[in-house]
Amino acid sequence: MGAKVIQFDQGWSSLQKAITKLKNILEGAPGAAHFSPNEYMAVYSTIYDMCTQHTPNYSPQLYDKYRESLEEYTVAAVLPVIAEKHGEFMLRELVVRWGNHKVLVWWLSHFFSYLDRWYVRTKSLPKLKEAGLVVFRDKVYEKVKSNVVGCVIDIIGKERGGEPIDRGLLKNVVDVFVGVGMGCYEADFEEGMVEDSGEYYSRKAASWILEDTCPEYMVKAEERLRRERERACQYLHSSSEQKLVERVQHELLVVHARQLFDKEDSGCRALIRGDKVEELSRMFRLYHKVPKGLEPVGDVFREHVTDEGKALVQQVEDALSSQQGSKGAVAEVGLTLVRNILELHDKYMAYVNGCFMNHSVFHKALKVAFEVFCNKSVAGSSSAELLAVFCDSLLKKGTSEKLSDETIEETLEKVAVLFAYYSDKDLFAEFCRKKLAHRLLFDRSANQDHETSFLSKLKHQCGGQFTSKMQTMVTDMALAKDMRTNFEQYVGTNPSIKPGIDLSVTVLRTGSWPSYKSSALNLPEEMVKLSFSEISTQLNLTNEDLVRVLSSLSCAKYKILIKEPNTKTVMADDTFVFNSKFTDRKRKIRIPLPPLLDEKKKVTEDVEKERKYAIDAALVRIMKSRKILGHQKLVMECVEMVQHVFKPDIKAIKKRIEDLISRDYLERDQEDSNTFKYVA
């Protein structure tokens, strides 16, 4: 005997009773009891049988009835109740009805769940829960959304004005928007809320920018942004925070940025000038989240640092003008200038690392600023020479300023950092090599560890090739010291060997030490009263070298020779005689030679010659790799290759290209004279 067939009217009648009971439960009708397990199974079984019987199969009719039941209930019982209320009462009713609707859909979707298992899947229809939510959206949400959105935005406005609100209620209303669909939340609520927020803060910013100082404005802006982030976390969807904050930032920070930064007595420049660290930190916190928001601040920072650096250079030039630019004055003010620049760098690097959180915009601004004034010449002395002289004053004995080892090491570290801003690194290296040679050969180096440490810092900054010659010089002196010690031990253990003089020989390697012109010196048998010309003839020295020697012996601290007339400069008509009365308490005295007058010129010439070789090598290396290259591209790549050591002159590069062509390293393209080919 076959299973009993359920007719649609019969089956739907029993199902309708269950649905009515469920609605009564939601409406809080008196005596409405929850479903027992048996009642639930009876409803489910009826739907199951109506969907599984072959003839007739009522799956399509039941799916339609499911949707119609929800529509009838929402239109008759839900929408009117919400629509008749206003303000927060409307919102509360919406939240309650949305909760009830989800319960109703949950129960009905379980009753009709067999439809989802087969009929919905095969027919590609919306699942029961999805269809239930669509009913609420179409029959309720679409009818009340404009009133609801307006009410929520008004409440948010009240909160911004300082009135207390029910944040929990707004959170629940937002959940309704999200539950209906993120598309509805974004299009119907979020866009309007963000737009209204923008208009609100546009009005506020227009008022604040006229009334407040820059620090006062930033305090208000920071506080309002904090509140908006808090608001987004409390009752908006997580996706809204960025959109809301970006719009508020635009109105508060972007629209009036230039006006804010340029406030005469309280703007960005005034804050930097007044060392307002806290306010600058706040400015960074506000603007580092704004796309390109820090660039105007970085520009002002760069301009201010540049102006301060130029002022230091100008002070030195003014001081030299008042002292007629004597050599001693140049050296002294040069040391002061470098010391002041180091202090300036410490000051503003503290800003970069502190206020500006080590941000690349301010590192770049500081670099550009220091490159401007660090490469300025003073009274004919290049910045590279002044820095080398400063380093020499730190590393040599007998300086007037007594510094601890820790202070010297810290200063050398700062010099190495500052050195990165100098364009003529090769010129600095050559001056340093000259100074190092003088310290090593005349035992003027204060501390060998400092010498080694400084070379290590330069090597780290510019590479091993940059310091190779100077490191070789230090090594030579260490080897020479060991050689002298061994010689002294040998002499001490061999009594038969008596040199008769205190002999000290330093063996040096060629190629690393600065080269000096040599003279074939003739020693006279005795020193009687001689004129300048007679001494020159007997010693076979050039006038320049002889002036240096005679000055050190007759015009310096120790008067080994007596000069007539007794002046401080050596002239061609002077006469000299040995000072037989000269005595000193010390067993050994050091008589330094005055520096060569053309030493600076020679260093510059040597560096210029080395630069030609460096440019030639770079050009050949580039062309050997590229084979064919245009003129502009070749020049640019050459500049890029050598600029870590010095800033090449474009005209010099062009001359070197022509020279390489004449020497058959390169050739011009026959069809395009601005294109070069490498000649293998």
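Structural data are supplied above this passage.
Residues numbered from 1 in each chain as written. Predicted model: local features only at pLDDT ≥ 70, side-chain atom pairs only at ≥ 80, totals over all residues. Heavy atoms only, no water.

Once that is clear, we can look at the overall build of the protein chain. Helix and strand counts for the protein chain stand at 27 helices and six strands. In terms of C-alpha radius of gyration, the protein chain reaches 45 Å, well past the compact-globule figure of 26 Å for 680 residues. For the protein chain, the spread of C-alpha atoms along the principal axes amounts to about 150 × 70 × 65 Å. Accessible surface, the protein chain as shown: approximately 37,400 Å² in total, 52% of it carbon and sulfur. (Helix = DSSP H or I, 4+ residues; strand = E, 2+ residues; numbered from the N terminus. Rg over C-alpha atoms; globule rule 2.2 N^0.38 Å. Areas by Shrake-Rupley, 256 points an atom, 1.4 Å probe, with all protein chains shown as cover.)

Across the sheet, three strands lie side by side as E1-E3-E2; this open sheet has antiparallel pairing. With one partner strand each, in any of the chains shown, strand E1 (530-531) and strand E2 (561-564) form the two edges of the open sheet. Summarising the sheet, E2 and strand E3 (residues 575-578) pair through four bridges and their orientation is antiparallel. Note that in E3 the partner of Lys563 across the bridge is Phe576. In the packing of helix H24 (residues 543-554) onto the sheet, contacts are made with E2 and E3, and the angle to E2 comes to roughly 110°. (Pairing = 2+ DSSP bridges. Contact = heavy atoms within 4.5 Å. Axes fitted to C-alpha atoms, helices over the stretch in contact; angles between N-to-C directions.)

Here we come to a positive patch on the surface. A cluster of basic residues, Lys609, Lys612, Lys651, Lys654 and Lys655, forms a positive patch on the protein surface. When residues of the positive patch are traced back to their parent elements, those giving at least two are helix H25 (599-626) and helix H27 (650-662). Of all the elements, H27 adds the most residues to the positive patch, at three residues. With respect to the helices, strands and loops of the structure, Lys609 is situated in helix H25. (Patch = residues over 30% accessible without salt bridge, like charges linked within 9 Å, V, L, I, M, F, W, Y side chains within 5 Å. Salt bridge = Lys/Arg side-chain N within 4 Å of Asp/Glu carboxyl O. Lys, Arg positive; Asp, Glu negative; His and termini not counted. Charge placed at Lys NZ, Arg CZ, Asp CG, Glu CD.)

This part takes up empty space enclosed by the protein. Tallying each qualifying case throughout the model produces two cavities of 30 Å³ or more. There is about 70 Å³ of room inside the largest cavity. What lines the largest cavity is Ala388, Cys391, Asp392, Leu395, Cys432, Leu436, Arg439, Glu451, Phe454, Leu455 and Met470. Elements with a minimum of two residues in the lining of the largest cavity: helix H18 (383-395), helix H20 (425-441) and helix H21 (448-462). Residues that form the lining of the largest cavity fall into these classes: eight nonpolar, no polar and three charged. The volume enclosed by the second largest cavity comes to roughly 50 Å³. For the lining of the second largest cavity, the elements supplying multiple residues, two or more each, are helix H16 (327-353), helix H17 (360-374) and H18. (1 Å grid on protein atoms, 1.4 Å probe; cavity = no way out; pocket = protein on both sides within 12 Å on 5 of 7 lines; lining within 4 Å. Points joined across faces, edges and corners; volume = space filled by probe spheres on them. Nonpolar A, V, L, I, M, F, W, Y, C, P; charged D, E, K, R; others polar.)

Right, let's get into the pattern of salt bridges. The full count for this structure, using the stated rule, is 53 salt bridges. Here Glu142 ties to Lys145 by a salt bridge, and the two come within 3.0 Å at their closest N and O atoms. Placement of both Glu142 and Lys145 in helix H7 (residues 128-160) is noted, with a separation of three residues, approximately one turn of the helix. The network of salt bridges with shared partners includes Glu159, Arg160, Arg167, Glu223, Arg226, Arg227, Glu228, Glu230 and Arg231.

A sheet is described by the order of its strands in space; here three strands give the open sequence E4-E6-E5, paired in antiparallel fashion. The strands lining the two open edges of the sheet, one partner per strand, are strand E4 (628-630) and strand E5 (666-668). Averaged over neighbouring strand pairs, the angle between their axes works out to 30° when direction is ignored. Here three bridges tie E5 to strand E6 (residues 675-678), and the two strands are oriented antiparallel to one another.

Moving on, we come to the environment of Cys268. Its place among the elements puts Cys268 in helix H13 (residues 268-273). Taking the C-alpha atoms as reference points, Cys268 and Met641, separated by 373 residues in sequence, lie 38 Å from one another. Among all residues touching Cys268, those that are not within four sequence positions of it are Phe261, Met283, Val297 and Val300.

With that out of the way, let us pick up the side chain of Glu159. Structurally, the position occupied by Glu159 is in helix H7. The exposure class assigned to Glu159 is buried, which follows from its relative accessible area of 13%. Among the polar contacts made by the side chain of Glu159, one reaches the side chain of Arg231 at a distance of 2.9 Å. Beyond its immediate sequence surroundings of up to four residues, Glu159 is in contact with Ile165, Arg167, Arg231 and Tyr235. (Buried < 20%, exposed > 50% of the residue type's maximum accessible area, 1.4 Å probe, protein only. Polar contact = N/O pair within 3.5 Å; in protein donor to acceptor, adjacent residues only side chain to side chain.)

Looking at chain direction, E1 and E3 are connected through two bridges and run antiparallel. Paired with Leu530 across the bridge in E3 is Phe576.

Ranked by size, the top nonpolar core spans 159 residues in total, and within it Leu62, Phe301 and Phe428 carry the most contacts. Sort the elements by how many residues they give to this core and H7 lands first, with 14 residues. Once residues lying within four places of it in the same chain are set aside, the contact partners of Leu62 are Phe8, Trp12, Leu15, Ile47, Met50, Cys51, Phe112 and Leu115. (Core = buried A, V, L, I, M, F, W, Y, C linked by side-chain atoms within 4.5 Å.)

Moving on, we get to the packing of aromatic side chains. Here the structure, examined in full by the defined rule, presents 30 aromatic pairs. Pairing Phe8 with Tyr58 gives two aromatic rings, centres 5.4 Å apart and planes at 55°, and the pair type is tilted. Of the two residues, Phe8 sits in helix H1 (residues 8-27) while Tyr58 sits in the loop between helix H2 (37-52) and helix H3 (59-83), which places them 50 residues apart along the sequence. A relative accessible area of 16% places Phe8 in the buried class. (Phe/Tyr/Trp six-rings, centres within 6.5 Å; stacked < 30°, edge-to-face > 60°.)

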